[in-house]
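Examination of the molecular architecture
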Amino acid sequence: MEKLEMFCYQCSQTAKGTGCTVKGVCGKEPTVARLQDNLIFALKGISAYLYHARELGYADPEIDAFVEEAFYTTFTNVNFDAEELVKFAVKAGEMNINTMRLLKEAHNKSFGVPEPTSVQTGTEKGHGIIATGHSMKALEELLKQTEGTGIKVYTHSELLPAHGYPELKKYKHLVGNLGKSWTDQSKLFAEFPGAILGTTNCVLIPTDEYQDRMFTTGPCRLPNVKHIAGYDYTAVIEKAKSLPELEEKPGDVVLSTGFSKSVILSLAGKIKQLVEEGKIRHFFLVGGCDSPTKKMEYYREFVKLLPEDTIVLTLACGKFRYNDLDLGEIEGIPRLIDFGQCNDAIDVIDVGAALAELFGIGLNELPLTIVLSWMEQKAVAILWSLLSLGVKGIYLGPVPPAWVNDDILAVLTEKYDLHLTGNPEEDLKQMLTA
């Protein structure tokens, strides 16, 4: 199939394919244009995390200064140097680590350190509000304002980890999580008879079936949907009260979340013992973004294939592809450990570093394989965070990032041993024999 033509913003010429494929007026090579795209995506991810940290009163001038400089270098006719743009991408990864650490501090000090928690997936009788997105601050304000009203509050997608924070789970009317990742909104929200609050990115344009029951807050805006500036959710509450009550309907599964760094490190001695005794053979970090494609089925099939002497660490909305599976335990250690949102990758990084130190080996020598699902800007930032730490052997799928061409992929493969996912059974065999 012939590639669609598009207008190249770099050189003001029409080019075929994604990004620049001709050397036009600006003189930029295709790889330079793609590396600039990569940097812009990473900066968007960093900015999202910075926004949530600032919501809670946390900021870092060093990160702000980097964001300014890096955005400036993506201007037309500023930076034509591919090697320098790769350095900027690595620096973006480093700054994203600082940003995730800042947001983690903000979350932990505001809501307490997460603790392992079981989360119901059904509904309770009564009026209901479902909150989607990533903003713990918005959810907290909603919980404060609905306390004592009889309204039940449910989370969706990346707000599932809220149930693990002590200062959020103390609200008894935070009763469960409905649905899976952001991709199911059109069906789930149409069937949900209550009010809906979208707090961040990953909201979809609503259908007529629930448009009048949906509200946005924070950075979100949707056509024909009421936006709430600030955190006064009176309109959402009044709408919920005016709608039919939800029925008592138990869910099919119980999900788990809230495995913070401190929880895992408290088990470090036990984990070391089980590894040395051969009872834990390998760890897999399987996480990332979900996307509405058939190829995402890879991740469920992959997790189902994992031997019983392996542990799955997971985070972000990609986990909804498999977090309903009952993988059991290994002598008290859950085989599925949910660290939380995408930004909670910082806890996984810190746990990995701590385990490497515990075993007296390098990070790349750990019996750990990272298998990422790919979708949007935050994933770009996290990928470069891992690469900035020198992590090698990452598997990435279900398709390569749009900004990657053959030249960029060759460099990532050679320098970082990056793999694209293929057949889950063949990939697993390769991971366990590497």
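Predicted model, so just to flag it, every value in this text is computed and none were measured.

Some thoughts on the nonpolar core
- Ile-46, Phe-66, Ile-311, Ile-337, Phe-339, Trp-384 and Ile-394 are the most contacted members of the largest nonpolar core, which totals 69 residues.
- A total of 10 residues in this core trace back to one element, the largest contributor, which is helix α3 (residues 82–111).
- With 26 residues, the next largest nonpolar core counts Val-153, Tyr-171, Phe-215 and Tyr-233 among its residues.

Overview of the packing of helix α1 (residues 30–55) against helix α12 (residues 377–388)
- At a closest axis distance of 7 Å, the pairing of α1 and α12 adopts a crossing angle of 100 degrees. It follows from the interaxial angle that α1 and α12 lie roughly perpendicular. Here Asn-38, Phe-41, Ala-42, Lys-44, Gly-45, Ile-46, Ala-48 and Tyr-49 of α1 lie close against α12, whose contacting residues are Gln-377, Lys-378, Val-380, Ala-381, Ile-382 and Trp-384.
- Tallied by class, the residues present in the contact of α1 with α12 amount to nine nonpolar, three polar and two charged.

A word on the packing of aromatic side chains
- Evaluated as defined, the whole model comprises nine aromatic pairs.
- Taking the centre distance of 6.1 Å and the plane angle of 75 degrees together, the rings of Tyr-154 and Phe-192 count as edge-to-face. Placement of Tyr-154 in strand β5 (residues 152–156) and of Phe-192 in the loop between α6 (185–191) and β7 (195–198) is noted, with a sequence separation of 38 residues between them. Across the pair, Phe-192 and Tyr-154 agree in class, each one buried.
- Site record: aromatic cluster; members linked through ring pairs are Phe-284, Tyr-298, Tyr-299 and Phe-302.
- Taking NZ or CZ as reference, Lys-137 lies 5.3 Å from the ring centre of Tyr-231, over its face.

Thoughts on the packing of α1 against helix α2 (residues 61–73)
- Contact geometry of α1 with α2 gives a least axis separation of 10 Å together with a crossing angle of 155 degrees. If you check the angle between α1 and α2, you find them roughly antiparallel. Helix-helix and strand crossings are classified by hand; for α1 and α2 the assignment is left-handed. Across the interface between the two elements, Gln-36, Leu-39, Leu-43, Ile-46, Ser-47, Leu-50 and Arg-54 from α1 touch Ile-63, Asp-64, Phe-66, Val-67, Ala-70, Phe-71 and Thr-73 from α2.
- Across the contact of α1 with α2, the residue classes tally to nine nonpolar, three polar and two charged.

Quick notes on the pairing of strand β11 (residues 282–288)
- Of all seven residues that make up β11, seven are buried, and the element is covered over most of its length.
- Of the two faces of β11, the one lined by His-282, Phe-284, Val-286 and Gly-288 and the one lined by Phe-283, Leu-285 and Gly-287 are each fully buried.
- Summarising the sheet, β11 and strand β12 (residues 310–314) pair through four bridges and their orientation is parallel. Following the sheet pairing, Leu-285 is matched in β12 by Leu-313.
- Handedness of the crossover joining β11 and β12 through helix α10 (residues 297–305): right-handed.

Comments concerning the environment of Arg-54
- Relative to the elements of secondary structure, Arg-54 occurs in helix α1.
- Between the C-alpha atoms of Arg-54 and Leu-103, which are 49 residues apart in sequence, the distance is 8.5 Å.
- Residue contacts for Arg-54: discarding those within four places in its chain leaves Ala-59 and Asp-64.

Some remarks on the sheet that holds β5
- Judged by pairing direction, the sheet is parallel, and its six strands sit side by side in the order β6-β5-β4-β7-β8-β9 without closing on themselves. Each edge of the open sheet carries a strand with a single partner, namely β6 (174–177) and β9 (226–228). Sheet twist, expressed as the mean angle between neighbouring strand axes with direction ignored, is 25 degrees.
- Here four bridges tie strand β4 (residues 128–132) to β7, and the two strands are oriented parallel to one another. In the sheet register, Ile-130 faces β7, and the bridge partner there is Ile-196.
- Lying over the sheet, helix α4 (residues 136–146) contacts β4, β5, β6, β7 and β8 (214–217), oriented at roughly 165 degrees with respect to β5.

Let's talk about helix α7 (residues 234–242)
- By the burial criterion, the buried members of α7 are Val-236, Ile-237 and Ala-240. Summarising the axial view, the buried residues of α7 lie within an arc of 100 degrees, below the 170-degree limit, and thus occupy one face.
- Against the buried residues of α7 lie β4, α4, β7, β8 and β9.

Some words on the confidence of the model for the protein chain
- Mean pLDDT over the protein chain: 92, with 93% of residues reaching 70 or higher.
- For the stretch residues 1–28, pLDDT sits under 50, and the model shows 58 contacts to residues farther than four places along the chain or on other chains.

Some remarks on the side chain of Thr-74
- Mapped onto the elements of the fold, Thr-74 is located in the loop between α2 and α3.
- Using a relative accessible area of 9% as the deciding quantity, one classes Thr-74 as buried.
- Side-chain polar atoms of Thr-74 contact the backbone oxygen of Phe-71, separated by 2.6 Å.
- Setting aside residues no more than four positions away along its own chain, Thr-74 makes contact with Gln-36, Leu-39 and Ile-40.

Rules behind the numbers
Residues numbered from 1 in each chain as written. Predicted model: local features only at pLDDT ≥ 70, side-chain atom pairs only at ≥ 80, totals over all residues. Heavy atoms only, no water. Core = buried A, V, L, I, M, F, W, Y, C linked by side-chain atoms within 4.5 Å. Buried < 20%, exposed > 50% of the residue type's maximum accessible area, 1.4 Å probe, protein only. Helix = DSSP H or I, 4+ residues; strand = E, 2+ residues; numbered from the N terminus. Axes fitted to C-alpha atoms, helices over the stretch in contact; angles between N-to-C directions. Parallel < 35°, antiparallel > 145°, perpendicular 65-115°, else oblique. Contact = heavy atoms within 4.5 Å. Nonpolar A, V, L, I, M, F, W, Y, C, P; charged D, E, K, R; others polar. Phe/Tyr/Trp six-rings, centres within 6.5 Å; stacked < 30°, edge-to-face > 60°. Lys NZ or Arg CZ within 6 Å of the ring centre and 35° of its normal. Left-handed = near helix turned anticlockwise from the far one by under 90°. Pairing = 2+ DSSP bridges. Right-handed = clockwise from strand over helix to strand, strands pointing away. Arc of directions from axis to C-beta. pLDDT = per-residue confidence, 0-100. Polar contact = N/O pair within 3.5 Å; in protein donor to acceptor, adjacent residues only side chain to side chain.

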